[in-house]
Structures are given as C-alpha cells and as structure tokens.
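A look at the structure
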Amino acid sequence: MSLKQASVEQLVAIVQVSGDTTAFNELFSRYDNKLRGFLAFKSAEQRQDIDDLVQETYVKAFLNIQQFQQQAQFSTWLLRIAINEMLQAKRSGNIFSALKQRWFAAEAGTLSHTDNTAAQLDAATLIASLSTIQQQVFVYAEFYGYSQTEIADKMQIPLGSVKTYMMQARTTLDRSNAQC
C-alpha cells in the first residue's frame, strides 16, 4: 500500500512509530489547505504570518505526535495546536520589536524610522550571537513567557541547565548591548 492510499489513522500510526517524514508530509499535505483557511479566517494576520503559524503548527504537531491518542479526530487535534500557536503569536508579538523595546527603551523617544529598523537589525544580530540552545532558552523565557521549569520540560533538559543557559544568554546580550 502506498502512503497516498493510507488512511489518516494509518499515517498517524506510521509517524508515531517510526517518525517517517514521508508519512508526516503526506499526512500534513492532506490538512494544509484546511489549516491555512482556518488560520486566515480566525486571524487578521498577513499571509506571511499565516505561513509562519502553519509552519509552527506542523513543527509542534510533529514533535508532539506521540501524545495524539486518536480519541478525537486528527484534524481537531491539529487545529487545537494551530489555535494555541496563533494565541501565542498574538501574546508574544514581534520578537524583534519586543527586544528593541526592552533594550532600546531609553532611546525610544529619539529613534527615527531608519534608526528603529537599525535597532531591530541590531536586536537580531545580538540574538544571533548566542548559541542555538541559549537562543531557544532566551526566546522561550523572554518572549513566550515560559517559566524555567516549563522550558526544562519543553526542551527535555535539566532545570539547572536552563538556568545556566539563561544566565549565559543574558550575560552575552548585556555585554554585547553595552558595546553598542
């Protein structure tokens, strides 16, 4: 039997057991239009934002597919993830804008539009200076508002490691910001 002929339940089982990306792609291709339409209806976001929400939904669904227990329809589970991603995006706003506001608050009244764009680019550069794991911990804490315990659970690393990465990120960013 080809994956195109497999039922949704069969595709979910394949992905849950083996993590098969081909089965994953087939599964999500069946819901792509429905998911995009749903997000477009539920939010007044721009198309690029909907693309980001869809991508985040797929990533979360793939990472958490082991938790899907087939007590509800897969589409219901997937749309719940999409709603959570949409709400999280609205709560957190634009990451670079939040970072700019946090670090450049003293200059906020004096920034022109050109300076504002430069500040956002500087913020992106500052975050890019962190290691990947420091970036993840920092963004989860500062922009999504997760507690250190929640981050440890999400990333499946010890709480002490989360605290260390957070301290390293803040130290690096404070040092880099002081040099600006």
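Structure shown above.
All of the points below concern the structure found in this document. Counting of residues starts from 1 at the beginning of each chain's written sequence and follows it residue by residue. Thresholds applied to this predicted model are a pLDDT of at least 70 for local features of residues and 80 or more for the giving and counting of side-chain atom pairs; totals over whole chains, interfaces and linings are not thresholded and use all residues. Each side-chain value is derived from all of the structure's non-hydrogen atoms; neither hydrogens nor water enter the calculation.

Regarding the environment of Asn84
As a reminder of what qualifies: Helix and strand labels come from DSSP, where a helix needs a run of H or I of at least four residues and a strand needs a run of E of at least two; each type is numbered from the N terminus. Here's how the labels work: a residue is buried when its accessible area is under 20% of the maximum for its type, exposed when over 50%, partly exposed in between, all with a 1.4 Å probe on protein chains only.
Following the sequence through the fold, Asn84 ends up in helix H5 (residues 74-92). For Asn84, a relative accessible area of 39% puts it in the partly exposed group. Here the alpha-carbon distance between Asn84 and Leu53, two residues 31 residues apart in the chain, equals 9.8 Å.

Details of the pattern of salt bridges
Condition: Salt-bridge detection follows one rule: a side-chain nitrogen of Lys or Arg within 4 Å of a carboxyl oxygen of Asp or Glu.
In this structure the tally under the stated criterion is 5 salt bridges. Taking the shortest distance from any N to any O, the salt bridge between Arg36 and Asp32 comes out at 3.0 Å. One end of the pair, Arg36, and the other, Asp32, are both in helix H3 (residues 32-42), 4 residues apart, so they sit about a helical turn from each other. Residues Lys60 and Glu85 are paired through a salt bridge, measuring 2.4 Å at the closest nitrogen-oxygen approach.

Here's the deal with the environment of Asp52
Its location among the elements puts Asp52 in helix H4 (residues 47-64). Between the C-alpha atom of Asp52 and that of Glu85, which follows or precedes it by 33 residues, the distance is 9.6 Å.

Examining the packing of aromatic side chains
Given two aromatic rings, one states the distance between the centres and the angle between the planes to describe the pair. Using the following cut-off: What counts as a ring pair is set by centres within 6.5 Å for rings of Phe, Tyr and Trp (its six-membered ring), and what kind of pair is set by the plane angle: stacked under 30 degrees, edge-to-face over 60, tilted for all other angles.
Taken as a whole and judged by the stated rule, the model has 9 aromatic pairs. With a centroid separation of 5.0 Å and 55° between ring planes, the pair formed by Phe28 and Tyr58 is classed as tilted. Taken together, the residues span a long stretch of sequence, with Phe28 in helix H2 (residues 21-29) and Tyr58 in helix H4 at a distance of 30 residues. Phe28 gets classed as buried once you look at its relative accessible area, which sits at 3%. Ring geometry for Phe74 against Trp77: centres 5.5 Å apart, planes inclined by 40°, an arrangement best described as tilted. Here Trp77 and Phe74 lie together in helix H5, a separation of 3 residues that amounts to about one turn. The two residues Phe74 and Trp77 agree in class, both being buried. Of the aromatic side chains, those joined through ring pairs into one cluster are Phe24, Phe28, Tyr31, Tyr58, Phe62, Phe68, Phe74 and Trp77.

Side note on the layout of surface pockets
Empty space among the atoms can be located by rolling a probe the size of a water molecule over them. This is how the line gets drawn: Only protein atoms enter the 1 Å grid, on which a cavity is a set of points fitting a 1.4 Å probe that cannot get out and a pocket is an open set with protein on both sides within 12 Å along at least 5 of 7 lines, lining residues being those with an atom within 4 Å of a point. Grid points are joined across faces, edges and corners, and a volume is the space filled by probe spheres set on the points. Side-chain classes are defined by residue name, with Ala, Val, Leu, Ile, Met, Phe, Trp, Tyr, Cys and Pro counting as nonpolar, Asp, Glu, Lys and Arg as charged, and the others, Gly among them, as polar.
Of the pockets and cavities examined, the second largest pocket occupies roughly 240 Å³. In terms of lining, the second largest pocket is formed by 12 residues, of which the most central are Lys60, Ile81, Asn84, Glu85 and Lys154. Elements with a contribution of two residues or more to the lining of the second largest pocket: H4 and H5. Considering each element in turn, the lining of the second largest pocket owes the most residues, 7 residues, to H5. Taken together, the residues of the lining of the second largest pocket break down into 3 nonpolar, 4 polar and 5 charged.

Some thoughts on the nonpolar core
The condition that has to hold: Take the buried Ala, Val, Leu, Ile, Met, Phe, Trp, Tyr and Cys residues and link them wherever side-chain atoms come within 4.5 Å; each set so joined is a nonpolar core. Residue contacts follow a heavy-atom distance rule, with two residues in contact if any of their heavy atoms lie within 4.5 Å.
Ranked by size, the top nonpolar core spans 27 residues in total, and within it Leu27, Phe28, Leu39 and Phe74 carry the most contacts. Of all elements in the fold, only helix H1 (8-18), H2, H3, H4 and H5 reach the threshold of two or more residues within this core. If you tally residues by element for this core, the top one is H5, at 7 residues. Once residues lying within four places of it in the same chain are set aside, the contact partners of Phe74 are Val8, Val12, Leu27, Phe28, Tyr31, Ile65 and Phe68. Membership of the second largest hydrophobic core comes to 15 residues, among which are Leu126, Ile151, Val162 and Ala169.

Topic: unusual backbone geometry
Of note, the phi angle at Gln156 is positive, near 55°, even though the residue is not glycine. Within the fold, Gln156 resides in the loop between helix H9 (148-155) and helix H10 (159-179). Residue classification places Gln156 among the exposed residues on the basis of a relative accessible area of 73%.

As for the packing of helix H8 (residues 132-142) against H9
Formally: All axes here are fitted lines through C-alpha atoms, helices being fitted over the stretch that makes contact, and every angle between N-to-C directions spans 0 to 180 degrees. Orientation labels follow simple angle bins: below 35 degrees gives roughly parallel, above 145 gives roughly antiparallel, 65 to 115 gives roughly perpendicular, and whatever is left gives oblique. Handedness of a helix crossing follows the sense of rotation of the near helix relative to the far helix, less than a right angle counterclockwise being left-handed and clockwise being right-handed.
Direction vectors running N to C along H8 and H9 enclose 130°, while the axes themselves pass 10 Å from each other. Judged by the angle between their axes, H8 and H9 are oblique. Of the two possible hands of crossing, H8 and H9 adopt the one that is right-handed. Packed against H8, whose contacting residues are Ile133, Gln136, Val137, Tyr140 and Ala141, the element H9 presents Ile151, Lys154 and Met155 at the interface.

Everything listed here is a matter of coordinates, which is why it stays silent on function.
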